[in-house]
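# Notes for the structure review
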Amino acid sequence: MPAHKVLLMGGGAGVVGSGVLAEIAGRYEIRSYHRTPAPSERGKVEFVSGDVGEVGRFPELVRGVDSIVNVVWYRQPGPDRLFARTEASLRALVSAAQAAGVERFVQISLPPATSRLESRTPYLYHKRAFEKEMGASGLKVTLLQPSAIFAPQDRLIHVMLDLMQRHRRFPLFGDGGYHLSPIWHQDVGWLVGEALEDRLSGTVLAGGPQRYTYLELLELLQRYVPQRVKLVRVSLPTGRLAVQFFNALGWHVLYTYEYDWLVSDLLGFAAPSHPGREFRTLESFLEEGRHA
Ligand SMILES: NC(=O)c1ccc[n+]([C@@H]2O[C@H](COP(=O)([O-])OP(=O)(O)OC[C@H]3O[C@@H](n4cnc5c(N)ncnc54)[C@H](OP(=O)(O)O)[C@@H]3O)[C@@H](O)[C@H]2O)c1
């Protein structure tokens, strides 16, 4: 039987992509499209160099492809024209995919945010517009909506641990009562594999196995920092001003829209009720780091 060919948009080297590659390499032929070759992909993929904003210009990219997995989007909040260009480019990719007989599109999406964020943030509304179009395309579509993802090089847990270690102080925004359910990047990759096998479709919220309040998460991380870390309580409006201030200085550990999303308490959803795998806990990941 000919191999099932997957176009991995954004490649297998990022936070999500590395989890996807770890789960599906060897089971599929993978064509990986992103900007810079990654040593971790060598021998596992056919690398094609390019920018997602240009992908619509290369319909030949989908030739012979059965499924597309898209792990790329931008994290920085603007400007509108950047996201509009990427949305248009991805729409052209979907048209090319339809014409080439591609069956399936698995998209790493984002969980619902507040209506204010959804309507005002180009990062969000262009992604949603693309996903809506894709949903109407006739392709089999799976939209995976992960909560915060942890991985060897993630931008959440590692950044928090690093800041705690360096400054021995860490901000607690408000009462820290809003939630997160962090998910391991390979568990996201496994869900992608399930979608490729036709066992998962539609829109799937993907939390991890444990739901923490932000305060509980900070208290957990404190245990993995050798120094004593003091949590400094700041009110929600002051926290937001501080994030805006640091963003204006070019320091982007947390963008303002990410802050608003975090404190809106919309990121603490459960793991998908899908049989076949016990998801990794954040604690087991932190324990492994402690002994590494
Ligand atoms: N991380 C999270 O906690 C989280 C949670 C929920 C949803 N998501 C979603 O997951 C997706 C991936 O996030 P991530 O954290 O894995 O990001 P990441 O670690 O920054 O990885 C992004 C990957 O995409 C490629 N890429 C970036 N810009 C590109 C461009 N202009 N053209 C082509 N390829 C490009 C990069 O490779 P090159 O540099 O070689 O191009 C990189 O391998 C995003 O859609 C994000 O919204 C992430």
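Residues numbered from 1 in each chain as written. Predicted model: local features only at pLDDT ≥ 70, side-chain atom pairs only at ≥ 80, totals over all residues.

## Quick look at the overall build of the protein chain
Each helix and strand counted, the protein chain has ten helices and 13 strands in total. Relative to a compact globule of 292 residues, whose C-alpha radius of gyration would be 19 Å, the protein chain shows 19 Å and is just as compact. Viewed in the frame of its principal axes, the protein chain has a C-alpha envelope of about 55 × 40 × 35 Å. With 292 residues in all, the protein chain has 37% of them scored as buried. Partitioning the intrachain contacts of the protein chain with sequence separation of at least 6 by distance along the chain shows that 79% fall at a separation of at least 24. (Helix = DSSP H or I, 4+ residues; strand = E, 2+ residues; numbered from the N terminus. Rg over C-alpha atoms; globule rule 2.2 N^0.38 Å. Buried ≥ 20, exposed ≤ 12 C-beta atoms within 10 Å, placed from the backbone. Contact = placed C-beta atoms within 7 Å.)

## Examining the domain arrangement of the protein chain
Domain boundaries in the protein chain define domain 1 (5-149 + 182-206) and domain 2 (157-179 + 210-291). Using C-alpha coordinates to define each centre, domain 1 is positioned 26 Å away from domain 2. Listed as interface residues are 21 residues of domain 1 and, on the opposing side, 15 residues of domain 2. Secondary-structure elements contributing two or more residues to the side of domain 1 that touches domain 2 are strand E10 (183-184), helix H6 (185-196) and strand E11 (202-206). At four residues, the largest contribution of residues to the side of domain 1 that touches domain 2 is made by H6. Here the residues of the side of domain 1 that touches domain 2 are counted per class, giving 16 nonpolar, three polar and two charged. (Domains from an automatic or database assignment. Nonpolar A, V, L, I, M, F, W, Y, C, P; charged D, E, K, R; others polar.)

## Here's the deal with the pairing of strand E4 (residues 67-70)
By the alternation rule, side chains of E4 split into Ser-67 and Val-69 and Ile-68 and Asn-70, which are all buried. Pairing of strand E1 (residues 5-9) with E4, which is carried by four bridges, proceeds in the parallel orientation. Bridge pairing links Leu-8 to Val-69 in E4. As defined by bridge partners, E4 adjoins strand E5 (residues 104-108) across four bridges and the pair is classed as parallel. (Pairing = 2+ DSSP bridges.)

## Description of unusual backbone geometry
The phi angle at Arg-168 is positive, at roughly 60°, despite the residue not being glycine. Tracing the chain through its elements places Arg-168 in the loop between helix H5 (157-167) and strand E8 (169-173). Among the residues examined, Arg-168 registers 12 C-beta atoms within 10 Å and is labelled exposed. Despite not being glycine, Asp-265 shows a phi value in the positive range, around 60°.

## Digging into the sheet that holds strand E3 (residues 46-49)
Judged by pairing direction, the sheet is parallel, and its seven strands sit side by side in the order E3-E2-E1-E4-E5-E6-E11 without closing on themselves. Strand pairing shows two members of the sheet lacking a second neighbour, E3 and E11, which therefore form its edges. Within the sheet, the average angular offset between the axes of one strand and its neighbour, ignoring direction, is 15°. Both strand E2 (residues 29-34) and E3 contribute to a ladder of four bridges, which runs parallel. Bridged to Ser-32 within E3 is Phe-47. (Axes fitted to C-alpha atoms, helices over the stretch in contact; angles between N-to-C directions.)

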